[in-house]
Amino acid sequence: MGIGVLYAMAAGLMWGLVFIGPLLLPEYPAALQSFGRYLAFGLITLPIAWMDRRQLRLLNKSDWIEALKLAAVGNILYYLCLASAIQRSGAPLPTMLIGTLPVVIAITANYRNAQRDGSIAWRRMLPSLLIIFAGVACVNSVEIAALQAASNKDIQTYIIGGLFALVAVACWTWYPLRNADWLRHHPDRNPRVWATAQGIATLPLALLGYLGLWIYMSVSAQDFAMPFGPRPQYFITLMVIIGLFASWLGTMCWNNASQRLPTNLAGQLIVFETLAALAYAFILSKRMPEPMVFLGIILLIIGVMTALRAKSVTASVSSSAH
């Protein structure tokens, strides 16, 4: 379990990078950033796929259809909604809505996967969920205060951004549960190869989306320098960095965690992504977090530690029963 937790932490550290991409490229449409990131991800996996070609041949048609579904929902649609939310609401509000994922996934998994993974008793699970939720509320309170002081136009923008973030939450509640299903049903398969398979499945979707967006922007005569925008070298470099670390390496680490941990625990460990995203955002803005934000971060960490302790107690009770 300890190795699984370390893999989940590593995935969170790399996934946190995706929250600063839209902040570094504010003039780039969210759709271009989404398709660009996953086009880079798909191209990066091509040489890796060549090295893993023997294991990739073991995947059947249903496996590739599942990889395509995961790529469409968990990759492209998720990041399209997240980037749209960040550009409209700034980083903190979408980050904190995404920060509810540990609670949402843990509750969903505790119901959905009880037979396969066993269920954590609600009285053991509730303290960690409440602490994580309180941490999310503390950080979000700062944004709510700013929202109340904003004009009507700003409030509308915030609401639209929040709605995009909620769709992203729905996408990424579905993705890790379905991804874990495949990995747990195929314990003999290499998690790295499954990450590569998702990259291969993502490539045609991202390519079609990129070309479609290019055609749309040309037809609608939008003043944007396609194909790589006004800062081509910066855009390409950032997409490659996010595609390599957040997409391929992050997915590989998460796949390793998903094979080792029950989904009701793994879901709570997505909190590492929220912590990393907040840290990167504050480093980028060169400021310290507000007291309430700092309190929220502490509560998130305590919530994760409480979740781990609750699971270890449940596991020991379960093993003694056998």
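Read on for an overview of the structure.

Criteria and thresholds
Residues numbered from 1 in each chain as written. Predicted model: local features only at pLDDT ≥ 70, side-chain atom pairs only at ≥ 80, totals over all residues. Heavy atoms only, no water. Salt bridge = Lys/Arg side-chain N within 4 Å of Asp/Glu carboxyl O. Helix = DSSP H or I, 4+ residues; strand = E, 2+ residues; numbered from the N terminus. Buried < 20%, exposed > 50% of the residue type's maximum accessible area, 1.4 Å probe, protein only. Expected span 1.5 Å × (residues − 1). Patch = residues over 30% accessible without salt bridge, like charges linked within 9 Å, V, L, I, M, F, W, Y side chains within 5 Å. Areas by Shrake-Rupley, 256 points an atom, 1.4 Å probe, with all protein chains shown as cover. Axes fitted to C-alpha atoms, helices over the stretch in contact; angles between N-to-C directions. Left-handed = near helix turned anticlockwise from the far one by under 90°. Contact = heavy atoms within 4.5 Å. Nonpolar A, V, L, I, M, F, W, Y, C, P; charged D, E, K, R; others polar. Bend = angle between axes of the 7 residues up to and from the residue. Polar contact = N/O pair within 3.5 Å; in protein donor to acceptor, adjacent residues only side chain to side chain.

With the rule as written, the count across this model stands at five salt bridges. The shortest N-O distance in the salt bridge between E27 and R231 comes to 2.8 Å. With E27 in the loop between helix 2 (21-24) and helix 3 (30-51) and R231 in the loop between helix 11 (191-219) and helix 12 (232-260), the pair connects residues that are 204 residues apart, well separated along the chain. Given a relative accessible area of 30%, R231 falls into the partly exposed group.

Along its twelve residues, helix 7 (residues 101-112) runs 16 Å from first to last C-alpha, staying within 8% of the 16 Å computed at 1.5 Å per residue. Among the residues of helix 7, L101, P102, V103, I105, A106, A109 and N110 are the ones counted as buried.

What follows concerns a nonpolar patch on the surface. Residues F294, I298, I301, I302 and M305 make up a contiguous nonpolar surface patch of about 450 Å² in total accessible area. As for its placement among the helices and strands, I298 is situated in helix 15 (residues 291-321). Classification of I298 by relative accessible area gives partly exposed; the value is 35%.

Moving on: unusual backbone geometry. With an omega of 15°, the peptide bond running from M226 to P227 counts as cis. Relative to the assigned elements, P227 resides in the loop between helix 11 and helix 12.

Time to look at the packing of helix 3 against helix 5 (residues 61-89). One can describe the packing of helix 3 onto helix 5 by two numbers: an axis separation of 8 Å at closest approach and a directional angle of 140°. With respect to the hand of their crossing, helix 3 and helix 5 are arranged in right-handed fashion. Across from A30, A31, Q33, S34, F35, R37, Y38 and F41 in helix 3, the residues of helix 5 making contact are G74, N75, I76, Y79, L80, A83, S84 and Q87. Class assignment for the residues of the contact of helix 3 with helix 5 results in nine nonpolar, six polar and one charged.

In this model, helix 11 (29 residues) spans 42 Å end to end at C-alpha, consistent with the 42 Å of a helix rising 1.5 Å per residue. Taking the largest bend as the criterion, helix 11 deviates by roughly 30°, centred on T202, and proline P204 comes between one and four positions later. Two to three positions downstream of the cap, the backbone nitrogen of R192 sits 2.8 Å from a side-chain oxygen, assigning the N-cap of helix 11 to N190.

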